[in-house]
There are 4 protein chains.
Amino acid sequence: MRIGILTSGGDAPGLNAVIRGAVLKGDKMYNQEFVGFRSGWRGVIEEELLPLGRHEVRGISKQGGTILGTSRTNPFEGNGGPDRIREVLERNDIESIIAIGGEGTLAAARRLSDAGLPIVGVPKTIDNDISATDYTFGFDTAVQIATDAMDRLRTTGDAHGRCMIAEVMGRHVGWIALHSGMAAGAHAILIPEQKTSMDQIIEWVTSASDRGRAPLVVVSEGFLLDTMDDTHHERGLDAFGRPRLGGIGEMLAPMIEERTGIETRATTLGHIQRGGTPTSYDRVLATRLGMSVLELARTKQWGKMVALRGTDIITVPFEDALGQLKTVPQHRYDEARVLFG
Amino acid sequence: MRIGILTSGGDAPGLNAVIRGAVLKGDKMYNQEFVGFRSGWRGVIEEELLPLGRHEVRGISKQGGTILGTSRTNPFEGNGGPDRIREVLERNDIESIIAIGGEGTLAAARRLSDAGLPIVGVPKTIDNDISATDYTFGFDTAVQIATDAMDRLRTTGDAHGRCMIAEVMGRHVGWIALHSGMAAGAHAILIPEQKTSMDQIIEWVTSASDRGRAPLVVVSEGFLLDTMDDTHHERGLDAFGRPRLGGIGEMLAPMIEERTGIETRATTLGHIQRGGTPTSYDRVLATRLGMSVLELARTKQWGKMVALRGTDIITVPFEDALGQLKTVPQHRYDEARVLFG
Amino acid sequence: MRIGILTSGGDAPGLNAVIRGAVLKGDKMYNQEFVGFRSGWRGVIEEELLPLGRHEVRGISKQGGTILGTSRTNPFEGNGGPDRIREVLERNDIESIIAIGGEGTLAAARRLSDAGLPIVGVPKTIDNDISATDYTFGFDTAVQIATDAMDRLRTTGDAHGRCMIAEVMGRHVGWIALHSGMAAGAHAILIPEQKTSMDQIIEWVTSASDRGRAPLVVVSEGFLLDTMDDTHHERGLDAFGRPRLGGIGEMLAPMIEERTGIETRATTLGHIQRGGTPTSYDRVLATRLGMSVLELARTKQWGKMVALRGTDIITVPFEDALGQLKTVPQHRYDEARVLFG
Amino acid sequence: MRIGILTSGGDAPGLNAVIRGAVLKGDKMYNQEFVGFRSGWRGVIEEELLPLGRHEVRGISKQGGTILGTSRTNPFEGNGGPDRIREVLERNDIESIIAIGGEGTLAAARRLSDAGLPIVGVPKTIDNDISATDYTFGFDTAVQIATDAMDRLRTTGDAHGRCMIAEVMGRHVGWIALHSGMAAGAHAILIPEQKTSMDQIIEWVTSASDRGRAPLVVVSEGFLLDTMDDTHHERGLDAFGRPRLGGIGEMLAPMIEERTGIETRATTLGHIQRGGTPTSYDRVLATRLGMSVLELARTKQWGKMVALRGTDIITVPFEDALGQLKTVPQHRYDEARVLFG
C-alpha cells in the first residue's frame, strides 16, 4: 500500500525537503512506496498522480517551491468530499495521505480525518502563525530574505537621508516583520497585532532622524493605523477611507513624508520572500518533519500532525493547530519596541 | 592643496570603493590630502565639508551607499554657479573637485569645467546608460540582485503554475532587464528601447506555458506597449490612457492574466536593486576608477573623466559621456530575443 | 555606576548584536552607561577600557566579529584574580560585568562570581555545545556557511564523479556537521560522538556512488575512526598512528579513494565558518540575549546567565552551562543516519 | 545532422549556461538537434552519448557543474585519435563538435581540427588565464566566492587581532588573487607572476598591523617566495627545500607569525571556488558564448572559438588562445600594489 503526499496552499521554502525526508526514510527503512498528488487537493479529487520515488526526490531539499505543485483547492468543494477521496485512494492502492499545508489545509484534513479518512499532516506557513509549533519551515527563509533586503535599503536610505519603508508579508500576524525588523535594526516595526497611531510612528521616525540615522520602518502587510478598522484591508481602503491601490507601505510613505519633511520611499518585498533556496535552518527543520510524519503515517496515527517544540519534533492532534492563530504576544512586541526610535 | 570629492545623484554600489581608491592612492603615493563635500553639489555650494582621510575610508569598499551622502542638487541652481564654487574652493584650500555622478552631474561638471573650474569625473549609473564606458559600477550589483530575486520568483511561479512578472530599474534603457532576464532565463524581456505589442507578449507567455513552464516576464520600469506613447509614464497613464498607480509590471499583470487565463503576479524590485554590498566585480571596477581619477586630478586634466574600455581604464572628455544615452543596441536585443517564449 | 561588557574566546557571528542589544536597551530604558573591556579578560586585568555608548553600537548587529576585540586570556592568570578585578571595577566606577563567552569564560565567571564579583553572562559557542541553552548564537550562521559551501562542492563533485569531503568545525561535538550535512543532503556525517569504522564509511560512499551520485561526506574536525583513540587529535596522529599535518578530512580522502577507486577531494572550511554577517536567526537571538542579560545585571542576579529555551529567553545559573558538553544525542544521530548512503 | 557538445577539464560555473545557450538557440532558430558526450573526450572515444534537447537544458543555466560530466581525458590517448573520433561522429550522425574546455582541450581541439575534424570551441578556465578573451566564464564567480570568504575572514581577524591568509586558486596566474584581493581590501596580494621576498611581505603585514588593522594576505596557490625556484610546487617543497604537505598559505603562516609576532591563520578556499550557482555576470557571458559558438558550428568555421572582447563576442582561431598564458601584466599588479600595506 502506498502513501500519497500533497502540498497545498501558498508555497514555502522547505516543502521539497519535507517530501524528500518522508520519501527517503520510507524507502530506506521500510521499502515504502509513495505517490504524489499534483497541485494539492486538486490532484486528489481529479486523480492526478505523480510518481514519487527516490529518484524524484534526488537533490530537491535545496530547491524552493514544491515538485508536486500546489493550489488552494478545497477538498470539499466541487466533486470533492470524503467519498470521492476514499474512492481515489482505494482505486490507486493508497493507504494514507500526508497533507502538507497551512491552516486551511489542516482544517480540511481534520474534517476528512473525522470522516474516517487516513490523514496525517505537516504544518506549513511562511507567516509562522500556526499554533502548536514553535516555528514553521519557510519562516526562517522569509525572514532572512527580508533582512537581506533591509540591509540593502539601509545603505541607500543613509546615502540620501531618506526614510525607507519595507513592507513584508504577514496579513494577520507580524512575525516576519518582528524578526526581520529586529535583525535589521529597524526604528519602527508595525504589525497587525498592534494598531498604532500616526503620531507614534512619526515620533519614532523623527527620533531616529534627529540622531542622524536614516529611519527604517518595517510594516506587515496587514498592519492597521489606529484610525483604520479591521475591514480597511479587505475593502481596499486607505487610512482616510479612500480606495487605495498599493499596499500599506505605499500608503504610509506620503503620510510620513508630509508630517516629517523627510523624503520617504516604500518597497514591497512581495513574492521574493517565499521562493528560492531555503536556509539551512528550514532545510533541517523540514527534513526532520518529513521523516517524523512518515512515522505517523506508518503507525496510523490519523488526525495528527508533527510540530516543533524546542529542539524536538513532537506529535499533536490537528485541532491543536486550529482555532487560534499564533500571534505575536505582547511581551515579544514590548521587547522589540524598546529598540524603536 | 586638497582635492575635494563629491557623490551626486542616486546612490550606486561601489561609490565608496571609488572614494577609497582615490584617497588611499593619493595618501600613499603623494601624501595628497582630501576633503569630502556632504551630499553632492549641495555640500559645495553650502560649504559643508567632511574630513576625508585614510581613517575615514577604512573598510568602506564593501559598503553600499556613500559615506559622503548624495543629493540631486544642481550646482547652478540657487546660490550656486561657478563663482560661488570657486570661492568655496579657494577659501578651503581645495585645488580640484572629483565629481562622481550620472549624466546630470557630468553635464554640470562639464559646464563648470568650461567655466574654468578644475573638475574631473567618474561616471556613475546603476542603469549602465552612459556612453563612453563599457560598464558603470553598480550595474553588476543591480543585475545580480535582480537575478537572485528572479531565481526566487521562478520557484514560486513553478509551484503555482503562475506567470511571474519582475519589474526592474531602467527608465530609459533596458540593460538591467536584458542582463538579469538573460541570467534568469526569462521567457520575455521588455525594455524601453523596444516597444512591443500585447499580442507578442501573450505569444511568449503562452508558448512557455504550453511547454509546462511558469512564464517569467522581466520588464524595465520604462517599457511601453506599442499602444502607449512616450509620455504615458510621465503622465502616469496606463495602457488605456487611464491614471495608474503601480508600475508597468502591475499594469501588465491583469492584462496578461485576462488574455491567457494564467494567474499572473507582478513584483517590483525597487530600491533593493541599488543598495547594499557591491559585487566583487563592482568593487574592483570602482577601486580602479577611483585610483585612475586621482591621477587625472593630480595631472590637472580638467574636463575629463575615467571610463572602462575592455579591461582598461581610459580617459575621455566629459562630452563623450553626454548627449546620447547608451541604449541596448538592436543586435543585443535580437540575441536575447531568440530565447524568449 | 557603569556596566562593563567583555567578549572572550573565539569570535562568533552575533557578538556585536548582543553588545548592541544590551547597550541600546540600557541607554533607552534606564539611561544606563556602559564601558567595554578590550580583548576579553585581558582588558579587565590590564584596565584597557573602551567607550561603549549608543554611538559605538550603531549599525553593528550585522557585523561579524566583535567591536570589543577578544582573546583567550584567563582572568586568574598572571596579574589577574578577583582582587585585581575588583580594584579595576572600583577605580573605573563599574558596577558589574557582562561576560560573553564560551565554556572557559563561563567557568571563570562562575569562579569570580563565587568570589563575590558582580558578574552575569551570555553563553557563546559556534559549536552549539553548551548545555542549558537550546542554541547558541553563531551556530546558525556557521551551519549556513557550511551548507552553502557544500551546495557548491556537490556540483563540482557531480561534474567529475568525485567523492567530496567537507571538514567542518566541531572539535568535541558534531552539531555543525549534523545540521549542515542534513541540510546539504550528505551521504555520510561523521561526528566526534560516534566513532565509526572505515568499512562503514566505505559502505555509505559506495552506496551513493552506485546510485550514480557523487558522494558527499561531512566530517567534524574532531571525528575519530574506530581505530583511533581519543588522543590522536591531540597528538597529531593519523589513523595509523603516524604524524599528520592536515585535518581529519585530508586524512580520510586518500583512504576512501584507495578503497573505492573513486577520486576523492577534501576541503577544510576553516575560519570562514565563524566570520562575517550573521544570519537573521543569529541576529534576533543575540539581540534578545543582549537585552535580557542587561536585565540580569540591572537586577543584580550575579552568577547567572541567559539562555534560549524553546522560543523564550530564560535565566539559568552559570553551573547549568558547565560540567557537561551538550553532545549530539543518539536519537538525533540515528535520525540523520537514516539518510546516509 | 546533429551537433555534439562536450565539456572537458575542471568544471567552471557557467558550463551549463553555455550548453543551454547553444541548444536553445539551435532548437528555436534552426530546429538543430544536439547530442552530449559524457565526461568530455572520454565520451567521444568511448561513444557514450547523452540525449541533449530542449528538455535537458531546462533551468540549468543557474546550476554549477556540467550536466554532461567532465574529465581530463586526452582525445589522443588510448584508443583515441582523429580516426576514432571521425568514426564515432559518422556512426552517430554527428556533424560537428562544440568543445568547451581549457588550454589543454583547446590545444587538442586544434590538433583534431588540423587533422580535418569539424570542431569549434569555447574557452573555459576559472583562472582567467586564456589569451584572446578578456574574461572567461567562471572567473567572476570564483572571485565573488573568494571575496565573500575574505569578507568573513576579515571580521574574525579583526576580532582577534590576527593576520589572516587566504589561499585562492591560480597555479600559474594570479587573476583570482588580484581581483578578490582588491575587492576585499587585502594588505598584500601574492601572485605567481611576482616572486616576492619575505622581507617585503613582512613589511606589508607590519604596516597594516601598525595602523591597527588585522592584516589580510591573499595568495595564489602558485605563488613563490623569491627564495623558491619554479620547481618547488611540483616537487612539494617549502621555502626551505623541505617536503611540505599544506599549500603555500599554510607554509607562509608560521613564517609570518614568527617574524612579526602576530598570530597568523591560513585558510585554503579550495574547491568551493569552482562550484555552485554562477554569478549573473557569468551566466550572461556563458549564454552569449553558447549562442555564438552555435553560429560557428552552423557556419562550419572549424578551428575557431568564441571569445569576449570588450562587450562583444568575437571569433578567433584556436591558436590565438594557445601558446601563451594570459598572466597578470605588470601595470595591473602595480596598480593593486599601491594599496598594499
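For clarity, every value in this text was computed on a predicted model and none was experimentally measured. (Residues numbered from 1 in each chain as written. Chains lettered and ligands numbered in written order. Predicted model: local features only at pLDDT ≥ 70, side-chain atom pairs only at ≥ 80, totals over all residues. Heavy atoms only, no water.)

1. A look at the interface of chain C and chain D
Our working rule: Two residues qualify as a contact provided that any one of their heavy atoms is within 4.5 Å of a heavy atom in the partner residue. As used here, buried area is the combined drop in accessible area, with a 1.4 Å probe, of two parts when they are placed together. Any carboxyl oxygen of Asp or Glu within 4 Å of a side-chain nitrogen of Lys or Arg constitutes a salt bridge here. The definition of a polar contact used here is a pair of N or O atoms within 3.5 Å, where within protein one atom must be able to donate a hydrogen and the other to accept one, and adjacent residues in sequence count solely through side-chain atom pairs. The helix and strand labels rest on DSSP assignments: H or I over at least four residues marks a helix, E over at least two residues marks a strand, and numbering proceeds from the N terminus. The residue classification treats Ala, Val, Leu, Ile, Met, Phe, Trp, Tyr, Cys and Pro as nonpolar and Asp, Glu, Lys and Arg as charged. All others, Gly included, are polar.
With 32 residues of chain C in contact, the opposing surface of chain D contributes 32 residues. In total, about 2,300 Å² of surface goes out of reach between chain C and chain D, with carbon and sulfur atoms giving 58% of it. Considering only the surface of chain C that becomes buried against chain D, Arg152, His271 and Ile272 of chain C emerge as the three largest contributors, covering 29% of it. Our count for the contact surface shared by chain C and chain D stands at zero salt bridges. Taken together, chain C and chain D are joined by twelve residue pairs in polar contact (both at pLDDT 80 or more). Elements supplying a minimum of two residues to the side of chain C that touches chain D: helix H5 (139-160) and strand S9 (264-268) of chain C. When its residues are assigned to classes, the side of chain C that touches chain D shows nine nonpolar, 17 polar and six charged.

2. Considerations on the UniProt feature "domain: Phosphofructokinase" (unreviewed entry) in chain A
So the rule is basically this: UniProt positions are given in the numbering used here, feature names are shortened, and annotations may be inferred rather than shown by experiment.
This chain's UniProt record puts "domain: Phosphofructokinase" (unreviewed entry) on residues 2-296 of chain A. Strand forms 15% of residues 2-296 of chain A and helix 41%; the C-alpha atoms that close the span are 14 Å apart.

3. So, the interface of chain A and chain C
Chain A puts 43 residues into the contact, and the matching count from chain C is 43 residues. Across the chain A to chain C interface the summed buried area is about 3,900 Å²; carbon plus sulfur atoms make up 51%. Joining chain A to chain C, the criterion identifies four salt bridges. Note that Arg288 of chain A and Glu335 of chain C form a salt bridge whose closest N and O atoms lie 3.1 Å from each other. At the boundary of chain A and chain C, one finds 16 residue pairs in polar contact (both at pLDDT 80 or more). Those elements that provide at least two residues to the side of chain A that touches chain C are helix H1 (15-30), helix H5 (139-160), helix H6 (175-184), helix H10 (280-298) and helix H12 (330-337) of chain A. For the side of chain A that touches chain C, the leading source of residues is H10 of chain A, giving seven residues. For the side of chain A that touches chain C, the class distribution of residues is 13 nonpolar, 14 polar and 16 charged.

4. Topic: the packing of aromatic side chains
What counts, and what does not: Within 6.5 Å between ring centres, the rings of Phe, Tyr and Trp (the latter by its six-membered ring) count as paired, and their orientation is classed by plane angle as stacked under 30 degrees, edge-to-face over 60, tilted in between. Three labels apply to residues, based on accessible area from a 1.4 Å probe with only protein chains included: buried if under 20% of the type maximum, exposed if over 50%, partly exposed otherwise in between.
Under the counting rule described, the total for this entry stands at 18 aromatic pairs over all chains. Considering the side-chain rings of Tyr135 of chain A and Phe139 of chain A, the 6.0 Å spacing of their centres and the 10° angle between planes classify their relative orientation as stacked. Note on Tyr135 of chain A: relative accessible area 13%, which makes it buried. Connected via pairs of aromatic rings, a cluster forms that spans Tyr135, Phe139 and Tyr281 of chain A together with Tyr135, Phe139 and Tyr281 of chain C.

5. Focus on the sheet that holds strand S7 (residues 188-190) of chain B
Hydrogen bonding along the main chain pairs the strands of a sheet, whether they run parallel or antiparallel. Residues and elements named next belong to chain B. Quick reminder of the rule: Pairing between strands requires that DSSP locate at least two bridges from one strand to the other. Fitting a line to C-alpha atoms yields each axis, with helices limited to the stretch in contact; the angle taken between N-to-C directions then spans 0 to 180 degrees.
Taken together, the four strands give an open sheet; going across it, the order is S7-S8-S6-S9, and neighbouring strands pair in parallel fashion. Here the strands that pair on one side only, and so sit at the sheet edges, are S7 and strand S9 (264-268). For this sheet the average axis-to-axis angle between neighbouring strands, irrespective of direction, equals 15°. By the bridge criterion, three bridges tie S7 to strand S8 (residues 216-220) in an arrangement that is parallel. Looking at the pairing, Ile189 lines up with Val218 of S8. Sitting on the sheet, helix H6 (residues 175-184) touches strand S6 (163-168), S7 and S8, and the angle it makes with S8 is about 165°.

6. Some thoughts on the UniProt feature "binding site: Mg(2+)" (unreviewed entry) in chain A
Using the residue numbers shown here, the UniProt feature "binding site: Mg(2+)" (unreviewed entry) corresponds to Glu103 of chain A. Excluding residues within four positions of it along the chain, Glu103 of chain A makes contact with Ile130, Ala321, Leu322, Gly323 and Leu325 of chain A.

7. Side note on the domain arrangement of chain A
Residue and element names in this part refer to chain A. Using the following cut-off: Domains are outlined according to an automatic or database domain assignment.
Splitting chain A by domain gives domain 1 (2-138 + 276-321) and domain 2 (142-273). Computed from C-alpha coordinates alone, the two centres of domain 1 and domain 2 are separated by 34 Å. Contact residues are listed per partner, giving seven residues for domain 1 and ten residues for domain 2. At the junction of domain 1 with domain 2, the criterion picks out zero salt bridges. For the pair domain 1 and domain 2, the interface holds one residue pair in polar contact (both at pLDDT 80 or more). Its residues placed into classes, the side of domain 1 that touches domain 2 shows two nonpolar, three polar and two charged.

8. Observations concerning the environment of Gln144 of chain A
Inspection of the secondary structure puts Gln144 of chain A in helix H5. Sequence spacing of Gln144 of chain A and Arg42 of chain A is 102 residues, and the spatial spacing of their C-alpha atoms is 32 Å. Ignoring anything within four residues of it in the chain, the contact list for Gln144 of chain A reads Thr279 of chain A together with Thr279 and Ser280 of chain C. Looking at Gln144 of chain A, its side chain comes within polar contact range of the main-chain nitrogen of Ser280 of chain C, at 2.8 Å.

9. As for H6 of chain B
Residue and element names in this part refer to chain B. Judged by how many residues are buried, H6 sits mostly within the fold: ten of ten residues are covered. Taken residue by residue, H6 has Trp175, Ile176, Ala177, Leu178, His179, Ser180, Gly181, Met182, Ala183 and Ala184 as its buried positions. With its phi angle positive at about 70°, Gly185 sits one or two positions after the end of H6.

10. Points about empty space enclosed by the protein
Cut-off, in case you're wondering: Buried and open spaces are told apart on a 1 Å grid over the protein atoms alone, a cavity being a set of points where a 1.4 Å probe fits but cannot get out and a pocket being an open set with protein on both sides within 12 Å along at least five of seven lines. Residues with an atom within 4 Å of a point are the lining residues. Grid points are joined across faces, edges and corners, and a volume is the space filled by probe spheres set on the points.
Applying the stated criterion across every chain yields a total of seven cavities of 30 Å³ or more. Its volume calculated, the largest cavity comes out at about 420 Å³. Taken together, 28 residues form the lining of the largest cavity, with Tyr135, Asp140 and Tyr281 of chain B together with Tyr135 and Tyr281 of chain D sitting closest to its centre. Contributions of two or more residues to the lining of the largest cavity are made by helix H5 (139-160) and helix H10 (280-298) of chain B together with helix H5 (139-160) and helix H10 (280-298) of chain D. By volume, the second largest cavity amounts to about 230 Å³. Taken together, 21 residues make up the lining of the second largest cavity; nearest its centre are Tyr281 and Leu308 of chain A together with Tyr135, His179 and Tyr281 of chain C. Its residues assigned to classes, the lining of the second largest cavity comprises eleven nonpolar, six polar and four charged.

11. Considerations on the arrangement of the chains
No part of chain B reaches chain C; the closest C-alpha pair between them is 11 Å apart. Nowhere do chain A and chain D come into contact; their C-alpha atoms are at least 11 Å apart.

12. Some thoughts on the sheet that holds strand S9 (residues 264-268) of chain D
Residues and elements named next belong to chain D. Reading across from one edge, S7-S8-S6-S9 is the order of the four strands in this open sheet, with parallel pairing throughout. Each of the sheet's edge strands pairs with one partner strand only, and the pair in question is strand S7 (188-190) and S9. With strand direction ignored, the average angle separating the axes of adjacent strands in the sheet is 15°. Docked against the sheet, helix H6 (residues 175-184) engages strand S6 (163-168), S7 and strand S8 (216-220), running at close to 165° with respect to S8.

13. As for the relation of the copies chain A and chain C
Here is the rule we go by: Least-squares fitting of one copy onto the other uses the C-alpha atoms of those residues that reach a pLDDT of at least 70 in both copies.
Once turned by 180° and shifted 0.0 Å along the axis, chain A lies on chain C with an RMSD of 0.0 Å. With respect to symmetry, the two chain copies, as superposed, fit the operation of a two-fold axis. Among all C-alpha atoms of chain A, that of Gly310 of chain A lies closest to the rotation axis, at 1.9 Å. Interface overlap between copies is the fraction of interface residues in one copy that are interface residues in the other; for chain A against chain C it reaches 100%, indicating a shared surface.

14. Focus: the pattern of salt bridges
Note that side chains of opposite charge can pair when their charged atoms are close. Within the structure shown, the criterion is met by 86 salt bridges over all chains. Between Arg332 of chain C and Glu335 of chain C there is a salt bridge whose closest N-O contact spans 3.0 Å. Here Arg332 of chain C pairs with Glu335 of chain C, and both are found in helix H11 (residues 330-337), just three residues apart, close to one helical turn. The same class applies to Arg332 of chain C and to Glu335 of chain C, which are both buried. Several salt bridges share partner residues, and in doing so they unite Glu47, Arg84, Glu87 and Arg91 of chain A into one network.

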